[in-house]
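Single-letter residue listing:
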Amino acid sequence: MALEQLSEVVQRCQALPDDSYTTEDHNIFTVAGQTCIEEGNSAQVLSIVLDEKNQEIVRCMGWNLLPPLIQVLLKKEDKNLPQCLAIFNHLLETCRPKELLIGLLEQLEQDDPDTIAESLHLLLKPLQKVLVRLGSRKASSLGMALSSVLDQVAKLPLPHTKEQEEDDVFSFCRCCTDMIDFVRPFVQEVRHNLPNNEMQKDELRTELLKFCMKSLSHPLLEVHLKDPDTLALSPLRTFATEILNILGSIGESLSSLVHQPLLKKKQVPGFLEEEVRYPKESLASLAHLVFVHHLAADTFPTVFSPVFSLRCNIEHVSELYEKSLVRVEDGSLRADLLEIKTFLTVPQNLIKVMTICPKHELRTKGLKVFQLSIDKFNTEAKYRFFQYTLKTSNHSGVEGYVIKNIKNQIDIALQPGNSNVWFEGIQLMPLLRKVLILPDGPETDLLQYLDRVMESLNLLRYLVIRDKVTENQTGIWTELYKIEDTFMKPLRVGVNMSRAHYERELQNTMEAKKSKAKESVLSVSVGGEELPSMTPESQIQALHSALHTFDMIESVLARIEELIEVKDNL
């Protein structure tokens, strides 16, 4: 029945002018032709397709036969395989390339890992032929094809061990090899035409650049490459090398890409903005391949100083670390992971970026990633991490930030249904003792430790307000007499001493100004280094600012004392 319908529609269309077939003709040809192939009448379909009188019909409608043909080709053992392969190859040569492209990409879409790899292996060569047939109009079509291919590859499980890479059960490595073979003729075309700077070749170069950037992000950012001593023939290492080679072939300087964070942004023609053209995580992945795995290292000039490269790589490392953290569920990292040195040293290095890096953007990024690290720990791990950081950071701003996080965790623990043993009751007390204390007693430099002191006061005020004396969930009311002796009383003495000192300095400075003394009365030091002498006006302003700070500390301290007195009398 289907064969008769196919023969009838073909005979009817033979008598019609070229490309004047109706929608009904297309529908009958498609349904009847596909049914014939599914029923095993491929030989008869092949005869119709090869008939010279039917070539215009095949050119217009033949691409609709792709779905059943590809299913037979994927099965491989079908008795009609030779005839189906012959039909398939003839369609690739005869049908219009844009329609073939759509048909092939539709068949590329799969969900089963086994089918994904086989479909890619079967269809990439035909796709390549079709794109070549498009000539100078292929750039956008190549971009669409590469995007579809990468989306399919992203569905395959990644090989993580040497054995998985060697066995290649899901053919992930084979797919990587197939992708490189697929883009090779287009890379050669761009390289050949680079000196001419033709517009259509630049569009082609843009699509290949997007492919490389996406490949650097996935899979290369997520796989662990094996060095040659571990795996002599590593398909993934070869894939990474080929991606870097493609970048060089299409006119991208690897050294400029790696040092992109500190180099002047390039004005590149085209529709892609800088951060879209060169995604940060892709550049970070590239830096990792070059500096860790030493791929393409021989192409790097030696003019860049180690310090310059280090400054660039700090940003790349931050990007890689953040990318890894984002994938981790909040509150999922256990406390025993802190026994692994890296889980403590990496945040410590972030603290160095946050506090001493000269670049504001990197300091801000470091703080963001530091908080992200905290969010990923479970409650016990957060507790132990806070203890460790308070002990080792030696920076008032960092300590203040940690204390603020402690306050947030206590607040969460005190919410109904969120009770936990680490941020209330007996376990909380050792942590509070590390927080509610002055590092040098009454002689503590309150300006130097201002961030820590203010966050400690805010925490104490919160506890006194939030925790009822009768409930004492945090244990603060049991410990209060100790806190008064070790923190509140020394702080009040320290405020009074500091105020008296700065009031005396202010008086001396104002008198010196009146007598027009030439030498500065006040010297200011930061990080142990004395700053240049200040003008009398600047000195007076700084002294007034310091006195205002002491008033602010005293005000919060007085408020806490009032709250304690009120609750004691209840």
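These numbers come from a predicted model, not from an experiment.

Parameters at a glance
- Residues numbered from 1 in each chain as written.
- Predicted model: local features only at pLDDT ≥ 70, side-chain atom pairs only at ≥ 80, totals over all residues.
- Heavy atoms only, no water.
- Helix = DSSP H or I, 4+ residues; strand = E, 2+ residues; numbered from the N terminus.
- Contact = heavy atoms within 4.5 Å.
- Areas by Shrake-Rupley, 256 points an atom, 1.4 Å probe, with all protein chains shown as cover.
- Axes fitted to C-alpha atoms, helices over the stretch in contact; angles between N-to-C directions.
- Parallel < 35°, antiparallel > 145°, perpendicular 65-115°, else oblique.
- Left-handed = near helix turned anticlockwise from the far one by under 90°.
- Nonpolar A, V, L, I, M, F, W, Y, C, P; charged D, E, K, R; others polar.
- Core = buried A, V, L, I, M, F, W, Y, C linked by side-chain atoms within 4.5 Å.
- Buried < 20%, exposed > 50% of the residue type's maximum accessible area, 1.4 Å probe, protein only.
- Salt bridge = Lys/Arg side-chain N within 4 Å of Asp/Glu carboxyl O.
- pLDDT = per-residue confidence, 0-100.
- Polar contact = N/O pair within 3.5 Å; in protein donor to acceptor, adjacent residues only side chain to side chain.
- Arc of directions from axis to C-beta.
- 1 Å grid on protein atoms, 1.4 Å probe; cavity = no way out; pocket = protein on both sides within 12 Å on 5 of 7 lines; lining within 4 Å.
- Points joined across faces, edges and corners; volume = space filled by probe spheres on them.
- Phe/Tyr/Trp six-rings, centres within 6.5 Å; stacked < 30°, edge-to-face > 60°.

Caption draft 1: Up close: the overall build of the protein. Secondary structure summary: the protein contains 25 helices and two strands in total. Taking the contacts inside the protein whose residues are at least 6 apart along the sequence as the reference set, 74% of them involve residues at least 24 apart. Of the roughly 29000 Å² of accessible surface on the protein, 53% is carried by carbon and sulfur atoms.

Caption draft 2: Broad picture of the packing of helix α18 (residues 342–356) against helix α20 (residues 379–392). For the pair α18 and α20, interaxial distance at closest approach is 12 Å and the crossing angle is 50°. When the axis of α18 is compared with that of α20, the two are oblique. Between α18 and α20 lies a crossing whose hand is right-handed. Only Phe385, Tyr388, Thr389 and Thr392 of α20 make contact with α18, whose side of the interface consists of Leu344, Pro347, Gln348 and Ile351. Residue composition of the contact of α18 with α20, by class: five nonpolar, three polar and no charged.

Caption draft 3: How the structure looks around the nonpolar core. One finds Leu6, Leu104, Phe182, Leu208, Phe211, Leu216 and Leu247 to be the most contacted residues of the largest nonpolar core, which totals 94 residues. Tallying contributions element by element places helix α11 (residues 172–193) first for this core, with eleven residues. Setting aside residues no more than four positions away along its own chain, Leu6 makes contact with Phe29, Ala32, Gly33, Cys36, Val45 and Ile48. Among the nonpolar cores identified, the runner-up in size contains 65 residues, and Ile406, Val435, Leu459 and Ile564 belong to it.

Caption draft 4: Expanded view of the pattern of salt bridges. This structure, assessed with the given rule, holds 26 salt bridges. Three or more residues joined by partner-sharing salt bridges are found here, namely Arg492, Arg499, Asp551, Glu554 and Glu561.

Caption draft 5: Fine view of the confidence of the model for the protein. Taken residue by residue, the protein gives an average pLDDT of 87. The fraction at 70 or more is 89%. In this model, residues 264–272 is a region of pLDDT below 50 whose contacts with residues beyond four sequence positions or in other chains number twelve contacts. In this model residues 517–521 is a low-confidence stretch, pLDDT under 50, and it forms nine contacts with partners more than four residues away in sequence or in other chains.

Caption draft 6: The arrangement of the environment of Val353 in detail. Take Val353: it is sitting in helix α18. As a C-alpha pair, Val353 and Lys365 span twelve residues in sequence and 8.9 Å in three-dimensional space.

Caption draft 7: Geometry of the environment of Met429. Structurally, the position occupied by Met429 is in helix α22 (residues 428–435). Along the chain, Met429 and Thr474 lie 45 residues apart, while their C-alpha atoms are 7.8 Å from each other. Beyond its immediate stretch of four places on either side in the chain, Met429 contacts Thr474, Gly475, Ile476 and Glu479.

Caption draft 8: Seen up close, unusual backbone geometry. Note the cis peptide between His218 and Pro219, where omega equals 15°. Within the secondary structure, Pro219 is located in the loop between α12 (199–217) and α13 (235–249). Notably, Asp168 is not glycine yet its phi reads approximately 50°, a positive angle. For Asp168, the position within the fold is in the loop between α10 (162–167) and α11. Judged by relative accessible area, which is 16%, Asp168 ranks as buried. The phi dihedral of Ser171 falls on the positive side, at around 60°, and the residue is not glycine. Here Ser171 lies in the loop between α10 and α11. A residue is classified by how much of its surface remains accessible, and Ser171, at 14% relative accessible area, is buried.

Caption draft 9: Just the side chain of Thr94, in detail. Inspection of the secondary structure puts Thr94 in helix α6 (residues 81–94). Only 2.8 Å separates the side chain of Thr94 from the backbone oxygen of His90, close enough to count as a polar contact.

Caption draft 10: Representation of helix α3 (residues 42–50). Turning to α3, its buried residues are Ser42, Val45, Leu46, Ile48 and Val49. All buried residues of α3 fall inside an arc of 165° around its axis, so they share one side. In the core, the buried residues of α3 are packed alongside α1 (2–14), α2 (23–38), α4 (55–61) and α6.

Caption draft 11: Layout of empty space enclosed by the protein. For the coordinates displayed, the defined rule picks out two cavities of 30 Å³ or more. There is about 50 Å³ of room inside the largest cavity. Forming the boundary of the largest cavity are Leu6, Phe29, Val45, Ile48, Val49, Asn54, Val58 and Leu65. Considering every element that reaches the lining of the largest cavity, the biggest residue donor is α3, with three residues. Tallied by class, residues from the lining of the largest cavity come to seven nonpolar, one polar and no charged.

Caption draft 12: Expanded view of the packing of aromatic side chains. Overall, the coordinates contain eight aromatic pairs when judged by the stated rule. Here Phe182 and Phe186 contribute two aromatic rings whose centre-to-centre distance is 5.9 Å and whose plane-to-plane angle is 70°, an arrangement assigned as edge-to-face. With Phe182 and Phe186 both in helix α11 and four residues apart, the pair spans about one turn of that helix. Accessibility classification places Phe182 together with Phe186 in one group, the buried group. When the centroid spacing of 6.2 Å and the interplanar angle of 70° are considered together, the rings of Phe386 and Phe423 count as edge-to-face. Remark: Phe423 occurs in the loop between α21 (396–413) and α22 and Phe386 occurs in helix α20; sequence separation between them is 37 residues. Comparing Phe386 with Phe423, the two get one shared label, buried. An aromatic cluster is defined as three or more aromatic residues linked by ring pairs; in this entry it consists of Phe370, Phe377, Phe385 and Tyr401.

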